[in-house]
Amino acid sequence: MSDKHHGTVAVTGVTGALGSRIAARLAGRGVPQLLVGRSPDRMPDLPGARRRGPAAYGDASAMRRALEGASTLVLVSGHRTGRRLEEHATAVEAAIAAGVDRVLYVSLVGASPTATYLNARDQWLTERFLAGAGIRHTVLRAGFYTATPAALADEEFVVSGPATTGRAAFATHEDIADVITAVALDDGPRSEHDGAILEITGPEALTLHEAVTRIAAATGRPYRFEPETLEEAFARRWRQGMSGEQIETWISWYQAIEKGEISLVTDVVTRLTGSPATSISDAAWWPSPNTARGTP
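Residues numbered from 1 in each chain as written. Predicted model: local features only at pLDDT ≥ 70, side-chain atom pairs only at ≥ 80, totals over all residues. Heavy atoms only, no water.

**Q** When you look at the packing of aromatic side chains in this model, what are you seeing that I'm missing?
**A** One pair of aromatic rings is described through two measures. These are the centre distance and the angle between the planes. Counted under the stated rule, the structure contains 6 aromatic pairs. Centroid distance Tyr-117 to Phe-144: 5.3 Å. Interplanar angle 80°. Geometry classified as edge-to-face. Here the residue Tyr-117 occupies a position in the loop between strand 5 (102-108) and helix 4 (118-131), and Phe-144 occupies one in the loop between strand 6 (136-142) and helix 5 (148-152), the gap between them amounting to 27 residues. The residues Tyr-117 and Phe-144 share a single accessibility class, namely buried. Both rings, one in Trp-253 and one in Tyr-254, keep their centres 4.9 Å apart while their planes meet at 90°; by these two values the pair is edge-to-face. The class of Trp-253 is buried, set by a relative accessible area of 3%. Residue classification places Tyr-254 among the buried residues on the basis of a relative accessible area of 1%. Through a chain of ring-to-ring contacts, the aromatic side chains of Tyr-117, Phe-144, Trp-250, Trp-253 and Tyr-254 assemble into a single cluster. (Phe/Tyr/Trp six-rings, centres within 6.5 Å; stacked < 30°, edge-to-face > 60°. Helix = DSSP H or I, 4+ residues; strand = E, 2+ residues; numbered from the N terminus. Buried < 20%, exposed > 50% of the residue type's maximum accessible area, 1.4 Å probe, protein only.)

Structure, rendered in structure tokens:
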């Protein structure tokens, strides 16, 4: 436990894989927290943490009430709704109205207005909003999750998609949570991370074939990668009953890898945590197959 006094940190997304890890780490350091979200009954029971809500990002009054007393807001990006910018902007404005001093926004590596991965376009919009919102902030761009290929696999452990030679520097949930926690703990009136964009990546850029092969070795399960053409990828997902938006989003995930937009490798994990970024072979958590959001 840290002997430094810390202000109260509000954390969103605590019922998810990333937000729950951030909250657990802050609790372990003795940091007082507000756990904010739509389903307080599903939030973890952590020492020094109070549950606040129901509060959806787009509900300005509920978010303001939930954030009262916080000095830092860790804003884990919401799901793609078609109004993600508006929802995030409402949450940030509610934080400012509640007296929050700074926002730590969890974005995506590759965020840009022309990103191939559709979610990364939404993230860039929120980054631009924060830049002009008049509040201290840090953008933490998370790499594609190490666990995602395993979650995308079907019941026979096959991962299929339109990517062959492109590479991605997959990052573990644990490393991402460790970096965000380190920035949250640096809570003085000034921080070297104010206004920064931190790109959180794994230690090397791998093709999907290489990544899935390593997942198979790490888990002892027969994961394998089978490339598809764009036409095959669309047709298979359509037959599975995916919506047009789901198909477009997932195909764009594979295509962002194929185009090299997620291949950046940085030293952010090492620099902020003092430990090297975790390789796929050493990842601590693997989801079950066919559990990625948006799969049937």
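**Q** Please clarify how the nonpolar core should be interpreted in this entry.
**A** Note on soluble globular proteins: their nonpolar side chains tend to be buried together. In this structure, Ile-22, Leu-67 and Val-74 are the most contacted members of the largest nonpolar core, which totals 54 residues. Top contributing element to this core by residue count: helix 6 (residues 173-185), with 7 residues. Once you skip the residues sitting within four places of it in the chain, Leu-67 turns out to touch Ala-10, Leu-34, Val-36, Arg-52, Leu-73, Ala-91, Ala-94, Ala-95, Ala-98 and Val-100. If you look at the next biggest cluster of nonpolar residues, it comprises 35 residues, including Ala-150, Ala-151, Ala-216 and Ile-251. (Core = buried A, V, L, I, M, F, W, Y, C linked by side-chain atoms within 4.5 Å. Contact = heavy atoms within 4.5 Å.)

**Q** In this structure, what is going on with the sheet that holds strand 4 (residues 72-76)? I would like to understand it.
**A** By definition, the strands of a sheet pair up through backbone hydrogen bonds, in either a parallel or an antiparallel sense. Spatially, the 7 strands line up as an open sheet ordered 3-2-1-4-5-6-8, and their pairing is parallel. Unpaired on one side and paired on the other, strand 3 (49-52) and strand 8 (197-200) mark the two borders of the sheet. With strand direction ignored, the average angle separating the axes of adjacent strands in the sheet is 20°. By the bridge criterion, 5 bridges tie strand 4 to strand 5 in an arrangement that is parallel. (Pairing = 2+ DSSP bridges. Axes fitted to C-alpha atoms, helices over the stretch in contact; angles between N-to-C directions.)

**Q** Help me understand the side chain of Ser-71, please; the structure alone is not making it clear to me.
**A** If you trace the backbone, Ser-71 turns up in the loop between helix 2 (60-67) and strand 4. When near neighbours in sequence (up to four residues on either side) are disregarded, Ser-71 contacts Gly-7, Thr-8, Val-100, Asp-101 and Arg-102.

**Q** Is there a simple way to think about helix 4 in this case?
**A** For an α-helix, the turn length of 3.6 residues means that residues three or four places apart are oriented alike. The end-to-end C-alpha distance of helix 4, which contains 14 residues, comes to 21 Å, matching closely the 20 Å that a straight helix rising 1.5 Å per residue would cover. Those residues of helix 4 that fall on the buried side of the exposure criterion are Leu-118, Asn-119, Ala-120, Asp-122, Gln-123, Thr-126, Glu-127 and Leu-130. Looking at the buried side of helix 4, the elements it contacts are helix 3 (84-98), strand 5, strand 6, strand 8 and helix 9 (244-258). (Expected span 1.5 Å × (residues − 1).)

**Q** Looking at this model, I keep getting lost on unusual backbone geometry. Mind explaining?
**A** Trans peptide bonds make up the majority, and among non-glycine residues the majority have a negative phi. Note that the residue after Gly-53, namely Pro-54, is joined by a cis bond; omega there is 5°. In this fold, Pro-54 is placed in the loop between strand 3 and helix 2. Here Phe-157, not a glycine, exhibits a phi torsion of approximately 70°, which is positive. Relative to the elements of secondary structure, Phe-157 occurs in the loop between helix 5 and strand 7 (158-161). Positive phi values are uncommon outside glycine, yet Asn-290 reaches one of about 60°. Relative to the assigned elements, Asn-290 resides in the segment after helix 10 (268-273).

**Q** How should the environment of Ser-281 be read in this particular structure?
**A** Here Ser-281 is to be found in the segment after helix 10. Judged by relative accessible area, Ser-281 falls into the partly exposed class, the value being 44%. Excluding anything up to four places from it in sequence, Ser-281 contacts Arg-214 and Ala-218.

**Q** Got a minute to help me understand the pairing of strand 6 in this structure?
**A** Each regular strand carries side chains that alternate between the two faces of the sheet. Across the 7 residues of strand 6, 6 count as buried, placing the element largely inside the fold. Both strand 5 and strand 6 contribute to a ladder of 7 bridges, which runs parallel. Among the inter-strand pairings, Leu-104 is bridged to a residue of strand 6, identified as Thr-138. One crossover worth recording links strand 5 to the parallel strand 6 by way of helix 4, and it is right-handed. When strand 6 meets strand 8, the two strands line up parallel, connected through 4 bridges. Its bridge partner lying in strand 8, Arg-141 is registered against Glu-199. (Right-handed = clockwise from strand over helix to strand, strands pointing away.)

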